[in-house]
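# Coordinate inspection notes
What follows is each chain in one-letter form.
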Amino acid sequence: MSTNLLIGSHVGMNGPDYYLGSVKEAISYKASTFMFYTGAPQNSYRKPLNELKISEGRSLLRENGFDESKIVVHAPYIINAANPNNPDLLDLSIKVLINELQRTEAFHASILVLHPGNHLGAGPEKAIEVLANTLDKVFANDGTNVKIAIETMAGKGSEIGTSFEQIRDIIDKCHFKDRLGVCLDTCHVHDAGYDISDVDGLLDEFNRIIGLDRLLVVHVNDSKNIRSAHKDRHENIGYGEIGFDVLCRFVNHPNLINIPKILETPYVNEKAPYSDEIRMLRAESFEKNWKDSY
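The structure reproduced in this document is the subject of the present report.

Calculation notes
- Residues numbered from 1 in each chain as written.
- Predicted model: local features only at pLDDT ≥ 70, side-chain atom pairs only at ≥ 80, totals over all residues.
- Heavy atoms only, no water.
- Salt bridge = Lys/Arg side-chain N within 4 Å of Asp/Glu carboxyl O.
- Buried < 20%, exposed > 50% of the residue type's maximum accessible area, 1.4 Å probe, protein only.
- Helix = DSSP H or I, 4+ residues; strand = E, 2+ residues; numbered from the N terminus.
- Right-handed = clockwise from strand over helix to strand, strands pointing away.
- Contact = heavy atoms within 4.5 Å.
- Pairing = 2+ DSSP bridges.
- Axes fitted to C-alpha atoms, helices over the stretch in contact; angles between N-to-C directions.
- Core = buried A, V, L, I, M, F, W, Y, C linked by side-chain atoms within 4.5 Å.
- Phe/Tyr/Trp six-rings, centres within 6.5 Å; stacked < 30°, edge-to-face > 60°.
- Lys NZ or Arg CZ within 6 Å of the ring centre and 35° of its normal.
- Parallel < 35°, antiparallel > 145°, perpendicular 65-115°, else oblique.
- Left-handed = near helix turned anticlockwise from the far one by under 90°.
- Nonpolar A, V, L, I, M, F, W, Y, C, P; charged D, E, K, R; others polar.

### So, the pattern of salt bridges
Enumeration according to the criterion identifies twelve salt bridges in this entry. Across the salt bridge formed by Asp17 and Lys24, the nearest N and O atoms sit 3.4 Å from each other. By relative accessible area, Asp17 is classed as partly exposed at 22%. Residue class for Lys24 comes out partly exposed when judged on its relative accessible area of 43%. Across the pair Lys173 and Glu129 runs a salt bridge, and its minimum N-O distance is 3.5 Å. One end of the pair, Lys173, is in helix H5 (residues 164-173); the other, Glu129, is in helix H4 (residues 124-141), with 44 residues separating them in the sequence. Of the residues examined, Lys173 reaches a relative accessible area of 38% and is grouped as partly exposed. Glu129 gets classed as partly exposed once you look at its relative accessible area, which sits at 35%.

Right, dumping it as structure tokens:
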């Protein structure tokens, strides 16, 4: 059993406990890290930081031995920092992203996961150019040291960031390369066409094209879809097309020991499955029909 596995899940941040409640939720799953949004992912409204019980949450983190540098924040979905067609919406994305980086630093977290965006018919090359320019503007004005982890995407609609080469190009075109890393989502790379069953081969390819030193976060999700489906539909661990054995080898890989692994799998009958999924991945043993108890 891997007791030192750096693994957790997405957790909520709701009143009345806010960040303190996020930490309590992660502890209840026996997690060693977690990911959260600093507000609703669907809009830009954000509660003032002094209402979010940050210091209380941080104290509980320390009491339970969490490494604060491995806590992950996810940027809201409304950001399209690659928007090639609408300058007003692009300006809004810049403002929201700067604010989110500053809020991430206020929580003393150091990693913000960002969807790279959509080309909206302009083509990926144009969107990559826009995104790199946008990130330069953001990093020149946010005043933090928080790193952005660009998430690998499944290729749904006009998403960019669906190949390692595209993400490498984004990083190469940005002047603030030291502020950029990658969040590798297992479901997304599978849906984008990569053979995730060859764990060593996938990590070798990532290292050759981008560099494993850039890998800051792993999202651990099974997939409802066959490889190359470009659909992005997450499934619970062991119930999808990727399977438990592959995901278990992935999260326990020696090259990923110090990288936070985050579950974003679906609730089962409106209940969070993360305690069971974390326990099985730590034990490296699948419990058949584990969802039947929900």
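Following the structure, the description resumes.
### Considering the pairing of strand E2 (residues 33-36)
Covered by surrounding structure in E2 are Thr33 and Met35 together with Phe34 and Phe36, the residues of both alternating faces. With helix H1 (residues 19-28) bridging strand E1 (residues 7-10) and its parallel neighbour E2, the resulting β-α-β unit is right-handed. Each parallel crossover has a hand, and the one from E2 via helix H2 (residues 54-63) to strand E3 (residues 72-74) is right-handed.

### What about the side chain of Thr186?
Structurally, the position occupied by Thr186 is in helix H6 (residues 186-192). For Thr186, the residues in contact, after removing those within four places along its chain, are Ile196, Val218, His219, Val220, Asn221, Ile242, Leu247 and Phe250.

### Brief notes about the sheet that holds strand E5 (residues 147-151)
The strand order around the closed barrel built from eight strands is E1-E2-E3-E4-E5-E6-E7-E10, with neighbouring strands paired in parallel fashion. Averaged over all neighbouring strand pairs, the angle between strand axes comes to 30°, with direction disregarded. Bridge count for strand E6 (residues 180-185) against strand E7 (residues 215-220) is four bridges, and the pairing is parallel. Note that in E7 the partner of Cys183 across the bridge is Val217. Running at roughly 155° to E1, helix H9 (residues 274-283) makes contact with E1, E7 and strand E10 (261-263) of the sheet.

### Observations regarding the nonpolar core
Among the nonpolar cores identified, the biggest contains 83 residues, and Tyr19, Phe34, Leu135 and Leu281 are the most heavily contacted of them. If we ignore the near neighbours within four places in the chain, the residues touching Tyr19 are Met13, Phe34, Phe36, Leu52, Lys53, Ile54, Gly57, Arg58, Leu61, Ile71 and Phe107. Grouped together as the second largest cluster of nonpolar side chains are nine residues, Met35, Ile111, Val113 and Leu216 included.

### Remarks on the packing of aromatic side chains
Applying the stated criterion across every chain, the model contains 16 aromatic pairs. On the numbers, 6.0 Å between centres and 45° between planes, the contact of Phe34 with Phe36 is tilted. Exposure remark for Phe34: the relative accessible area of 0% places this residue in the buried category. Phe36 gets classed as buried once you look at its relative accessible area, which sits at 0%. Joined through ring pairs, the aromatic side chains of Tyr19, Phe34, Phe36, Phe66 and Phe107 make up one cluster. Over the ring of Tyr239 we find Lys291, and its NZ or CZ is 4.5 Å from the ring centre.

### Quick word on unusual backbone geometry
A cis amide bond links Gly15 to the next residue, Pro16, at an omega of 5°. Note that Pro16 resides in the loop between E1 and H1. A positive phi angle, close to 75°, is found at Ser228, a residue other than glycine. Examined against the element boundaries, Ser228 turns out to sit in the loop between strand E8 (222-223) and strand E9 (234-235).

### Regarding the packing of helix H3 (residues 87-106) against H4
At their nearest, the axes of H3 and H4 sit 10 Å apart, and the two run at 45° to each other. Regarding the angle of H3 to H4, the classification is oblique. Our pair here, H3 against H4, has a crossing hand that is right-handed. Side by side, H3 and H4 meet where Leu90, Ile94, Leu97, Ile98, Leu101 and Gln102 of the first sit next to Val130, Thr134, Leu135, Lys137, Val138, Phe139 and Asn141 of the second. Counted by class, the contact of H3 with H4 contains nine nonpolar, three polar and one charged residues.

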